[in-house]
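Chain by chain, the residues run as shown.
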Amino acid sequence: MSSENSSADDEQRVWDVVVVGAGPAGASAAYAAAVAGRSVLLLEKAELPRYKTCGGGIIGPSRDALPPGFELPLQDRVHAVTFSLDGKFTRTRRSKQMLFGLINRPEFDQQLVEHAQKAGAELRTGVTVSRVEQHGSAVPDRRTVAVVLQGGEAVLARAVVGADGSASRIGAHVGVKLDQVDLGLEAEIPVPETVAEDWQGRVLIDWGPMPGSYGWVFPKGDTLTVGVISARGEGAATKRYLEDFIARLGLAGFEPSISSGHLTRCRAEDSPLSRGRVLVCGDAAGLLEPWTREGISFALRSGRLAGEWAVRIAEAHDAVDTRRQALNYAFAIKAGLGVEMAVGKSMLAAFERRPGMLHAAITSFRPAWRAFAGITRGSTTLGEMVRSHPMAGRALSALDRRSAVAAPTVAESTPTTE
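Note that the structure is a prediction, hence the values are computed from the model and not measured.

Conventions adopted
Residues numbered from 1 in each chain as written. Predicted model: local features only at pLDDT ≥ 70, side-chain atom pairs only at ≥ 80, totals over all residues. Heavy atoms only, no water. Axes fitted to C-alpha atoms, helices over the stretch in contact; angles between N-to-C directions. Helix = DSSP H or I, 4+ residues; strand = E, 2+ residues; numbered from the N terminus. Parallel < 35°, antiparallel > 145°, perpendicular 65-115°, else oblique. Left-handed = near helix turned anticlockwise from the far one by under 90°. Contact = heavy atoms within 4.5 Å. Nonpolar A, V, L, I, M, F, W, Y, C, P; charged D, E, K, R; others polar. Core = buried A, V, L, I, M, F, W, Y, C linked by side-chain atoms within 4.5 Å. Buried < 20%, exposed > 50% of the residue type's maximum accessible area, 1.4 Å probe, protein only. Phe/Tyr/Trp six-rings, centres within 6.5 Å; stacked < 30°, edge-to-face > 60°. Lys NZ or Arg CZ within 6 Å of the ring centre and 35° of its normal. Pairing = 2+ DSSP bridges. Salt bridge = Lys/Arg side-chain N within 4 Å of Asp/Glu carboxyl O.

Trainee: Where do I start with the packing of helix α7 (residues 296-315) against helix α8 (residues 319-353) in this structure?
Mentor: The packing of two helices is summarised by the inter-axis angle and the distance between the axes. It is the contact of α7 with α8, at a shortest axis distance of 9 Å, that shows an interaxial angle of 165°. In terms of axis orientation, α7 runs roughly antiparallel to α8. In terms of crossing hand, the pair formed by α7 and α8 is right-handed. Across the interface between the two elements, F298, R301, S302, L305, A306, W309, R312 and I313 from α7 touch T322, Q325, A326, N328, Y329, A332, I333, L337, E340 and M341 from α8. Of the residues in the contact of α7 with α8, the class split is eleven nonpolar, four polar and three charged.

Trainee: How do you make sense of the nonpolar core when you look at a structure like this?
Mentor: The nonpolar side chains of a soluble globular protein tend to be buried, and buried together. By size, the foremost hydrophobic cluster in this structure holds 69 residues, and its most contacted members are V18, L43, F108, V147 and Y329. The dominant element in this core, judged by the number of residues it contributes, is α7, at eleven residues. In this view, Y329 contacts L273, L279, V280, C281, S302, L305, A306 and W309; residues no more than four positions away in its chain are not counted. In terms of nonpolar packing, the next biggest core, distinct from the first, is built from 28 residues, I205, W216, F218 and F351 among them.

Trainee: In this structure, what is going on with the packing of aromatic side chains? I would like to understand it.
Mentor: Geometry of an aromatic ring pair is reported as the spacing of the ring centres plus the angle between the planes. Under the definition given, this model contains twelve aromatic pairs. On the numbers, 6.2 Å between centres and 65° between planes, the contact of W291 with F351 is edge-to-face. One end of the pair, W291, is in the loop between β18 (278-280) and α7; the other, F351, is in helix α8, and 60 residues separate them in sequence. Each member of the pair, W291 as well as F351, carries the same accessibility label: buried. Members of the aromatic cluster, each reached through a chain of ring pairs, are F83, W207, Y214, W216, W291, F351, W369 and F372. Geometry around W199 places R202 over its ring, the cationic atom sitting 4.3 Å from the centre. Across from the ring centre of F298, 5.0 Å away, lies the NZ or CZ of R301, which sits over that ring.

Trainee: Could you clarify how one ought to interpret the environment of R323 in this entry?
Mentor: Of note, R323 is situated in helix α8. For R323, a relative accessible area of 48% corresponds to the partly exposed category. As for R323 and R277, which are separated by 46 residues in sequence, their C-alpha atoms are 8.2 Å apart.

Trainee: Hey, could you run me through the sheet that holds strand β4 (residues 76-78) in this one?
Mentor: Within a sheet, adjacent strands bond to each other through the backbone by hydrogen bonds, running parallel or antiparallel. As summarised here, the arrangement of the three strands in space is β3-β7-β4, forming an open sheet in which the pairing is antiparallel. Whereas interior strands pair on both sides, the edge strands pair on one side only; in this sheet they are β3 (57-58) and β4. For β4 and strand β7 (residues 100-102), the ladder comprises three bridges, and the chain directions are antiparallel. Each residue of the ladder has a partner; that of R77, found in β7, is G101.

Trainee: Honestly, the packing of helix α1 (residues 24-35) against helix α3 (residues 105-118) in this entry has me stumped. Any pointers?
Mentor: The geometry of α1 relative to α3 is characterised by a closest axis approach of 8 Å and an angle of 15° between their N-to-C directions. As judged from the angle between their axes, α1 and α3 are roughly parallel. For α1 against α3, the interelement crossing comes out left-handed. Across the interface between the two elements, P24, A27, A30, Y31 and A34 of α1 pack against R105, F108, D109, L112, V113, H115 and A116 of α3. Along the lines of polarity and charge, the residues of the contact of α1 with α3 split into nine nonpolar, one polar and two charged.

Trainee: Would you mind showing me how to read the pattern of salt bridges here?
Mentor: Working definition: two side chains of opposite charge can pair if their charged atoms are close together. A complete count under the given rule lists 16 salt bridges for this structure. Salt-bridge contacts for E153 lead to R124; the nearest nitrogen and oxygen are separated by 2.9 Å. With E153 in the loop between β10 (145-149) and β11 (154-162) and R124 in strand β8 (residues 122-125), this pair connects stretches of sequence that are 29 residues apart. One exposure class covers both E153 and R124, and it is buried. Ionic contacts of the salt-bridge type, sharing partners, join the residues E44, R50, R105 and D109 into one network.

Structure below.
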């Protein structure tokens, strides 16, 4: 175990906020609480930096949620997107402005943690949380939570933020309920310079063969991140999709440096976000966009809110005030991220039934492409788009209804520029 806070009296100290998990959600929560002047301990089971299965796309809402002065370690800047429908009907759309950036998670997460530390948070790595106790012998009073580590050490806090990923132990304590679970498979493929140059500034999104599935190619210097995602329960088909996808791209001859898999979990609408003095955020809360399964922006934004409300909970002197602050946190999440998730869920339902229609719209209908570009740049969100443009809401409702009409055929096309 490595520790940056290993004094002998740690077991007796009561921290204002303890954050479990040092990914984007946890680092953001730790930063927000530390900036407010509170004592913050950030716990992480791995040694940093560590690899995470993730495409690494940084869209506008992610950039907007970063701490002041944060410099993104971008591996590439995306100005073009090639869309295909299970390898067919390929079309590339281009933009003069950057659509989104691409990062490697080890460097990105490490920088977020360093910003939290500069704000005053302390870090302990190589420690695993076994459980959380809000009552019992390990808890000295009603204003304290015990975070019990493997080995029996109890870390005490006035408030706890669970940001320990999609298999969260803190989420289990809170009682997080899941509505959607998907399997993502990914390969990091080093490629020659000539291949890398062909992909520079351009990504590929392929609408896949299983309902709700899609694949991607994200260039990062001399490495291509290639992945696919689909509903859990289709493991063999998802693996075949990735293999066929890589072969179709002409990349089967290159040996991946990393091959990995990951389950993404999306919360049920009535799933709790708190229990007593414990909040959850990011993947631990099942917060991500259901259609694209984009999670970094949800982690950063929910983490910041969790850190801010954890400070208020730490200051609460009784159960009534604690409950009030926890409900305010839930309201803030649902009013923003919850709306985006609801729209994303409708988009996923429509996409599962009519992938060809979605492909035709985004590649041939300029307003649909502009909406996609606006969302990736951060000038709008799915929720704002539906609220601000009644036509978009009506179109989504129409897509969301079952229809026996066949999706239109999409002809191959030359690249276009916005």
